[in-house]
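Observations on chain architecture
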Amino acid sequence: MKVRWRAAARWRVRERGAEAPGPWQRGKVLAALAALTALLLVAPGLVPNTPGRLGSLLESLLPWLGLAVVPLPALAVLRRSALAPAAVVLPVAAWAYAFGGLLLPAADPGPRDLVVVQHNVSDVNEDPAGTARALAARGADLIALEELVPEALPAYEKELAGAYPFHEVRGTVGIWSRHPLTGTRAVDIRPEGIAEPWSRGLRTVARTPHGEVAVYVAHLPSFRLGAGGLGTARRDESARLLGRALDAETTGPVIVLGDLNATVDDRGIAPLTSRLNVSRRGFAFSFPASFPLARIDQVLAREATVGRVRTLPATGSDHLPVTARVTLD
């Protein structure tokens, strides 16, 4: 009987040992999640865009993926795992690689700089005059506006006229400039299937002290998140049309300002980001103004460098204005 009891006790010890893996064996699921997060941060293109444009959705919110790392150390402690905390280093390093540069300070101003402001002023803005005054106070060389409705346009023209004697409007987009504008024309970026009047693109040439600069102002179609996923087909088509217009542009440098309804990481506007330089400084989340989650208001350039992008204080719009310093090559 005593021998049988000792054998049973040894069996229970072995059983408990089998059920209690070491600290480097526990937390494998957490470690796998950390590794997956790191992979998605550095290679979001691995996520297919069908069905539901999941790739674009991930890319639109990519900086926020770093928040997935926050609970991992606490969960690792609860699991008494040594593996999981070590694995957390991977997504932290991946986030720093992908977005750490955006936290660096702006470069010093140069002699060939232009300061630009980009703002979707909203077609239901109840204080267009106040919005115009706030933007004028920034002292920029160029101000690009979208969602300019006929009822509000006179207020913008009146309030900006003193500091910006040159301006052009085509459809619902406009540009105000301290420097003369020439060669202004509408740019057709209307996707198929839109029958009503729709004019959301213009091109002009600003005669700056540093030479002529082609300036494009664009408002790409908005996307909708629904049961079928992210609806971006019209936006992506509009981006392709704008990309073709840029290919035909012979004046350089080029600055593109607009509400592109996409972040620069979104593959849907690759026809633009593959042709133009983007800012490597500043997050400048601009939408929605009440709780900014993404920068969909963009400053892009060719034969020029876009400096740090910053948001400006809220106006009567559902977007925040953004500003940047563009250095001409």
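Placed above this text is the structure.
The notes below deal with the structure included here. These numbers come from a predicted model, not from an experiment. (Residues numbered from 1 in each chain as written. Predicted model: local features only at pLDDT ≥ 70, side-chain atom pairs only at ≥ 80, totals over all residues. Heavy atoms only, no water.)

Notes on the pairing of strand β10 (residues 254-259)
Stated formally: Burial classes: relative accessible area under 20% of the type maximum marks a residue as buried, over 50% as exposed, and values in between as partly exposed (1.4 Å probe, protein chains only). Numbering of helices and strands runs from the N terminus; a helix is a DSSP stretch of H or I covering at least four residues, while a strand is a stretch of E covering at least two. Two strands are counted as paired when DSSP detects at least two bridges linking them.
In terms of burial, β10 is largely enclosed, as 6 of its 6 residues are buried. Pairing between strand β7 (residues 211-219) and β10: 6 bridges, direction parallel. By the bridge assignment for β10, A218 is matched with G258. Here β10 runs beside strand β11 (residues 297-302); their pairing, made up of 6 bridges, is antiparallel. Pairing of L257 across the sheet is with V299, part of β11.

Side note on helix α7 (residues 153-160)
What counts, and what does not: Of all possible arcs, the one meant is that of the directions from the helix axis to the C-beta atoms. The contact criterion used throughout is that any non-hydrogen atoms of two residues lie within 4.5 Å.
Within the sequence span of α7, burial applies to L153, Y156 and L160. An end-on view of α7 places all buried positions within 65 degrees of arc, on one side of the element. As for α7, its buried residues are in contact with α6 (128-136), β2 (142-146), β3 (166-170) and β4 (173-177).

Observations regarding unusual backbone geometry
The linkage connecting G252 with the following residue, P253, adopts the cis geometry, with an omega of 0 degrees. Looking at the secondary structure, you find P253 in the loop between α8 (233-247) and β10. Look at the link from F287 to P288: it is a cis peptide, with omega at -10 degrees. Mapped onto the elements of the fold, P288 is located in the loop between α9 (270-273) and β11. One non-glycine residue, R53, lies in positive phi territory at about 55 degrees. Positionally, R53 belongs in the loop between α2 (28-42) and α3 (54-60). Despite not being glycine, E303 shows a phi value in the positive range, around 60 degrees. Its location among the elements puts E303 in the loop between β11 and β12 (304-306). Under the relative-accessibility criterion, E303 is labelled partly exposed at 43%.

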